[in-house]
Each structure stands twice: as structure tokens, then as C-alpha cells.
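In case you want the letters, here they are:
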Amino acid sequence: MDAVRLWSLSSSHPLKQLIRTTTTRLVIRCCSSSSTRTAPKPGGRGRGRRLSTSTSTSDKDAVRAIRLNKVQELRSKGLEPYAYSWERTHSANQLQDIYKHLGNGEESKPENDGVSIAGRIVARRAFGKLAFLTLRDDSGTIQLYCEKERLADDQFDQLKSLVDIGDIVGATGSIKRTEKGELSVYVNSFAVLTKSLLPLPDKYHGLTDVDKRYRQRYVDMIANPEVADVFRKRAKVVSEIRKTVESFGFIEVETPVLQGAAGGAEARPFVTYHNSLGRDLYLRIATELHLKRMLVGGFEKVYEIGRIFRNEGISTRHNPEFTTIEMYEAYSDYESMMNMTEEIVTRCALAVHGKLTLDYQGVEIYLERPWKRETMHNLVKEATGITFNELGNDLQVAKEVTLKNLGADLDYKYKSSIEACSSIGHLLNEVFEIVVEPKLVQPTFVLDYPIEISPLAKPHRRHAGLTERFELFICGRELANAFSELTDPMDQRRRLEEQVRQHNEKRAAAISGIDSAEDKREETDESYEVTLDDDFLTALEYGMPPASGMGLGIDRLVMILTNSASIRDVIAFPVLKIQQQ
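A brief structural summary. (Residues numbered from 1 in each chain as written. Predicted model: local features only at pLDDT ≥ 70, side-chain atom pairs only at ≥ 80, totals over all residues. Heavy atoms only, no water.)

**Section: the overall build of the protein chain**
Within the protein chain, the secondary structure is distributed over 16 helices and 19 strands. Looking at the protein chain as a whole, 49% of its 581 residues qualify as buried. Look at the contacts in the protein chain between residues 6 or more apart in sequence, and 68% of them connect residues 24 or more apart. Surface summary for the protein chain: the accessible area is close to 28,400 Å², and the carbon and sulfur share equals 48%. (Helix = DSSP H or I, 4+ residues; strand = E, 2+ residues; numbered from the N terminus. Buried < 20%, exposed > 50% of the residue type's maximum accessible area, 1.4 Å probe, protein only. Contact = heavy atoms within 4.5 Å. Areas by Shrake-Rupley, 256 points an atom, 1.4 Å probe, with all protein chains shown as cover.)

**Some words on the pattern of salt bridges**
This structure, assessed with the given rule, holds 35 salt bridges. Residue lysine 243 pairs with glutamate 240 through a salt bridge whose shortest N-O separation is 3.4 Å. You can see lysine 243 and its partner glutamate 240 sitting in helix 6 (residues 225-247), 3 residues apart, about one turn around the helix. We classify glutamate 240 as buried; its relative accessible area is 14%. A single salt-bridge network, built from bridges that share partners, covers Glu335, Glu342, Glu343, Arg347, Arg369 and Arg373. (Salt bridge = Lys/Arg side-chain N within 4 Å of Asp/Glu carboxyl O.)

**Looking at the nonpolar core**
Among the nonpolar cores identified, the biggest contains 45 residues, and Ile241, Ile325, Met327, Leu367, Phe470, Met550 and Leu557 are the most heavily contacted of them. Among residues more than four places away in sequence, those in contact with phenylalanine 470 are Tyr334, Met337, Met338, Thr341, Phe445, Val446, Leu447, Tyr449, Ala480, Asn481, Ala482 and Met550. Counting residues in each nonpolar core, the second largest holds 25 residues, with Leu151, Ala171, Ile175 and Phe190 among its members. (Core = buried A, V, L, I, M, F, W, Y, C linked by side-chain atoms within 4.5 Å.)

**A look at helix 9 (residues 376-384)**
Buried within helix 9 are the following residues: Met376, His377, Leu379, Val380 and Thr384. Here the buried residues of helix 9 occupy an arc of 165 degrees about the axis, which is enough to place them on one side. Just beyond helix 9, the residue with positive phi is glycine 385, at close to 85 degrees. (Arc of directions from axis to C-beta.)

**Structural notes on unusual backbone geometry**
Put simply, arginine 369 and proline 370 share a cis peptide bond, and its omega is 0 degrees. If you trace the backbone, proline 370 turns up in the loop between strand 14 (363-366) and strand 15 (372-375). Here the phi dihedral of asparagine 563 falls at roughly 55 degrees; this positive angle occurs in a residue that is not glycine.

**Examining the sheet that holds strand 16 (residues 444-447)**
Taken in spatial order, the 8 strands make up an open sheet running 7-11-12-19-18-17-16-15, and their pairing is mixed. Strand pairing shows two members of the sheet lacking a second neighbour, strand 7 (251-252) and strand 15, which therefore form its edges. In this fold helix 6 packs onto strand 7, strand 11 (301-309) and strand 12 (321-330), with an angle of close to 155 degrees to the strand it touches most, strand 11. Of the strands in this sheet, strand 11, strand 12, strand 17 (469-474), strand 18 (477-484) and strand 19 (547-553) are in contact with helix 16 (residues 554-562), which crosses strand 19 at around 55 degrees. (Pairing = 2+ DSSP bridges. Axes fitted to C-alpha atoms, helices over the stretch in contact; angles between N-to-C directions.)

**Side note on the environment of asparagine 378**
Along the chain, asparagine 378 turns up in helix 9. Given a relative accessible area of 36%, asparagine 378 falls into the partly exposed group. Sequence-wise, asparagine 378 and leucine 447 are 69 residues apart; in three dimensions their C-alpha atoms are separated by 9.6 Å. Of the polar contacts made by the side chain of asparagine 378, one reaches the side chain of glutamate 374; its length is 2.9 Å. (Polar contact = N/O pair within 3.5 Å; in protein donor to acceptor, adjacent residues only side chain to side chain.)

**Notes on the side chain of aspartate 448**
Following the sequence through the fold, aspartate 448 ends up in the loop between strand 16 and strand 17. We note that aspartate 448 is buried and unpaired, the nearest opposite charge coming from arginine 462 at a distance of 6.1 Å. For aspartate 448, the side chain forms a polar contact with the side chain of tyrosine 334, separated by 2.8 Å. Of the polar contacts made by the side chain of aspartate 448, one reaches the side chain of histidine 460; its length is 3.4 Å. (Lys, Arg positive; Asp, Glu negative; His and termini not counted.)

**Some remarks on the sheet that holds strand 8 (residues 258-259)**
One open sheet holds the 3 strands; their spatial order is 8-10-9, and the pairing between them is antiparallel. On the outer flanks of this sheet lie strand 8 and strand 9 (271-274), each paired with one strand and no other. Examined bridge by bridge, strand 9 and strand 10 (residues 279-283) share 4 bridges and lie antiparallel to one another. Residue pairing for strand 10: threonine 272 is matched across the bridge by leucine 281.

**What about the packing of aromatic side chains?**
Within this structure, the stated rule accounts for 7 aromatic pairs. Arranged with centres 6.5 Å apart and planes meeting at 70 degrees, the rings of phenylalanine 432 and tyrosine 449 form a pair that is edge-to-face. Here tyrosine 449 lies in the loop between strand 16 and strand 17 and phenylalanine 432 lies in helix 12 (residues 424-436), a separation of 17 residues in the sequence. This pair shows no difference in class: phenylalanine 432 is buried, exactly as tyrosine 449 is. Across the ring face of tyrosine 145, the terminal group of lysine 176 is positioned such that the distance to the ring centre comes to 4.4 Å. Over the face of the ring belonging to tyrosine 449 we find arginine 469, whose NZ or CZ atom lies 4.4 Å from the ring centre. (Phe/Tyr/Trp six-rings, centres within 6.5 Å; stacked < 30°, edge-to-face > 60°. Lys NZ or Arg CZ within 6 Å of the ring centre and 35° of its normal.)

**Section: the environment of glutamate 497**
Looking at where glutamate 497 falls in the secondary structure, it is placed in helix 13 (residues 489-512). As for glutamate 497 and leucine 532, which are separated by 35 residues in sequence, their C-alpha atoms are 7.2 Å apart.

**Considering the pairing of strand 16**
Residues Thr444 and Val446 of strand 16 are buried on one face, and the alternating residues Phe445 and Leu447, pointing to the opposite face, are buried as well. As defined by bridge partners, strand 15 adjoins strand 16 across 4 bridges and the pair is classed as parallel. Paired with lysine 372 across the two strands is threonine 444, which belongs to strand 16. Judged from the 4 bridges that link them, strand 16 and strand 17 form a sheet pairing that is antiparallel. Pairing of valine 446 across the sheet is with glutamate 471, part of strand 17.

**What to know about the pairing of strand 12**
Most of strand 12 sits out of view: 9 of its 10 residues are buried. Sheet topology places strand 12 next to strand 19; 7 bridges connect them, and they run antiparallel. Following the sheet pairing, glutamate 329 is matched in strand 19 by serine 548.

From the geometry alone we can't say anything about function, so treat these as descriptive.
Next up, the structure:
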């Protein structure tokens, strides 16, 4: 392999050993040459004149053509603009920390403090015989201090003509702090590692098109460094969740993404076809049923962090694929899972912020334990004055009382959803979602859900018609869902069969309502097929120990901990509509 092409520098320079010699690169090396350069036009008065750059044009195709010519120019000189590697000694943040003691105008001793760094050029400017480039790596930014008198021959002009904002470069040199206090790498050599062909967004306005930010997240992270910080915090949250649950003895397991029956939740699945097996398979809508199989098999504390897929609507809180942790503990009940949920969330908050008081979209959230715990019945009674326990089993009367109490100004879609409720339990839950849920700003455990909407939860040991189930709400949105798990195989079969029956009735009505061929291409939410997971029911008949289980939405937790308004802000590459050409 050709050696690195170097512009003249004394072979005795102490930093020569920092330059890789495994590939041909554009490298600018410093020397004592005193070649001259045209002075800047008068009137600058200390304001840095930007070096000429092709990114000033709004014509992206023209910029790309110019930069492609630069690629060819580099190669014609025997220089490779797409390097194989670069030996770094420090990150930008490490240099900022190590040399924070340097005073203004001071320089480290080159023979002792040679450094090598690499990153993307995000800004540059010139002051006569000096050029300043801002280099950003994963840790932060640092300035590259390039002095004309230290560059060989016309290499200062080479820097101007061959290096653009957006290029990824490597540089070696010593460290100095400028008279204005900016810590800098005093450049002795400089190499183009990756030539950028497309211009970055304008420095002062950034990437502001929301759709483009999601569609081209890689540009979003370059233009808006705080976006990358969100994903670093997300990684920290996931890591903290693992550390927390494993500190309590839970074991991480993996369950199938492709499943023969979509169970563990009531949601429309994605369907695919396996050619070799000759059968339809479903992308999982929950990890629950396979994790419970692990309990049957003898594991007592298991969890899984994984992607879930639901072929449903998209909103600021919903994405077709999202990440959850589901965990199950033998010989415990839902009270135990409330404590575990508090533990996970508070530890994540401390890991990210170091405190338990957070700001979310202008509202102070207080995560100090213990959190409020209240039943769904009591919360609905406080908000509406309706005591569902006293309404009996007459569904029509219950609907009339509900509509009367909620008032004539109730939105039409809410009236329709109330009229569509098929049981008292469904009606109670509907009123809760309409009236109570949006007001649950501070952390609140909502307890004891109706049995009709909780087919996998154990019946409440004291209150008929209810289950031992809770959901956690923060900022008016559900964050976690947990049960004392149903272990009676016959009861479980009855409930799942009833769930399938009710769904099939809705499905038949939905299909019969589709009249035109055009409408058939757009199925309704109820038009998908639901099948019974017989193997799960078989597993229960072998015996599952008493257990509690909890699922927590990691995306929504990250939203709260990063003050992000939309779930798409915390998913690196969210699903989007096809872009219209």
C-alpha cells in the first residue's frame, strides 16, 4: 500500500509518528515556510472572514458536482479522499478537560504533548495568515488552529480549495489556548478522511423542516447536536433499566418476533408469509405470552427489552414499532410491580438528570416516592360524580347517566364511543380515558380495572368484576401496565375465547360495512383476524406459579426524561409516509 503523501516537514518533527502510513491521504504538514497570502479586504475589524465554500449555494446538485470534482482532483494527485483509518490519541472533550489549566496565549510543549484527533468540520473562518476550523466528534468540539507560516509552500491555499464544511478530517499537533481563550489544536498535519459531497444546512438556521429531520435523521444530528444528545440519554435509560432489574435478580431472555398467533394484547398485527413453512406469521404485538411460558418452564424472574409492532395509527404518542420492557416475577402480585416500576423510573431519572424534579413541556413533574395510588372507580367519581358501583348491570341506563353527567357539550366522537360500549366495564374505562386520563400529570398508579378489558389479569381478591391490574400515568399518558397474572387455565381460556368472539363480531360488522372495491383496500381497525394461542393455554395447564408482570413503554419514558414532545423525537428512524416526489 502506498505511503501517506506528506508535504514538506522536517523528518525530525516529534509528531511524525502520529501519522498513519497505511493509505494515501490528503495530508497538510506544517513547516517554517513563510509563504505569503493575500490580506483580507479592509473593514473586517476583527470579524472573521469566512473562507470561500461551495456550501453557500442553494443548488445542492451544483455543490455536489463541485465536490465530486474535488474528489477527482485529490485522486489525480495520488491522494485518497476516503481513508481506511486514523489513529486518534484523544477526543475533543478529553483535550478540553486535560488542558483546562492552560492560560490564554499558552502552548503545551510539542515534544511532550503531541495529539491526534479526528472529526467533522462544522465551521471555518480566516484572519489573514490564520485559519480556524471547528472540529466536532462524538464528545464535543475543539478548534483547529492553522497558521500559514507553519504550512509548506502553498498548502494554506490547498486547505481553502480542498476542504469544505462537512468534511471529516484528522489532525495532529500540539495544544495551545488562543489569546481570546479558545483551546485549540495547533495543527502540524492535516488529512481529509472523508470528503462530504452534500452541503450541511445553514449554520444559523439549522435543519428546521420537521419531516426532513425525521426522514434524514443523520443530517438532523449533524445540524442539531442536541438531537444526538437525546439518543445518548436514551441509551443511558436502557442501560439503567437493565442494571436495575438485574440488580433484583431478573434474567434477560429473548422471545420470537415472528409468531404463529399475535397474542398478549389487543392490537392489529403486521402479517407476513414464510415461504418455506408455507404459513402466515405475525410480528409480535407483545412479548407477554412467551415470557409466561418461561415461568412455566421454571424461571422465576425474567424480562425482555425488545421491539413491538402494531399495525395501527401514528401520532405524537404512537409509532408502529416501539420498545418496551416486559418483566415477570413468580410468587409476587401487582403491589410488588408497583414498587418495581417506581424503582425503574426514579433510577432512570437520576441517571439522566441527577434529580427527581423534571420539566416536561413547561410543567414541573415530581418523581419523589411514593407516588399516588387510586382506583379507577374513585378517580372517575371524583371527576364526574358518577358512582359506577351503584349503576347495576343495566348498560343502557348507565350510558344515559354518563351522557347526562358529562354534559351536552361533549364532543360527538366521545358520545359515539360511549354509545358503542358493550359492557359496564368498557363504559367505565371509556369515561376514564375521556375525562380523567388527560389530567393525570403527576405520577399516578390507577388501580383495579374492569375484568372485561383485562383478559390476562387475575380477578380482584376482594371486588367482584374487577382485576388486580394497574396502569402508571405521567403527563396524561400511560407509561406502564401491570397485573397480578391470571394462572387459572380454564378461566384464561374462557376469557380469551370471549375476547375472540367479541372481536369477530366487530370484524364481521366492519367487513359488511365495506361496500366499494376502493374501500376494501383500506381495512378498518377491526377487520383483522384474531386467533387463539392454544399453545399458551396448553402451557398454563402444566401449571404457572402465582406471578406479577409489568410492561413499560421505553419510548414514552425517554420522552419525559428528555422533554420531547413527540415519540418520533426519541426514535432515531421513525416510520413515515412515502415522500411525494
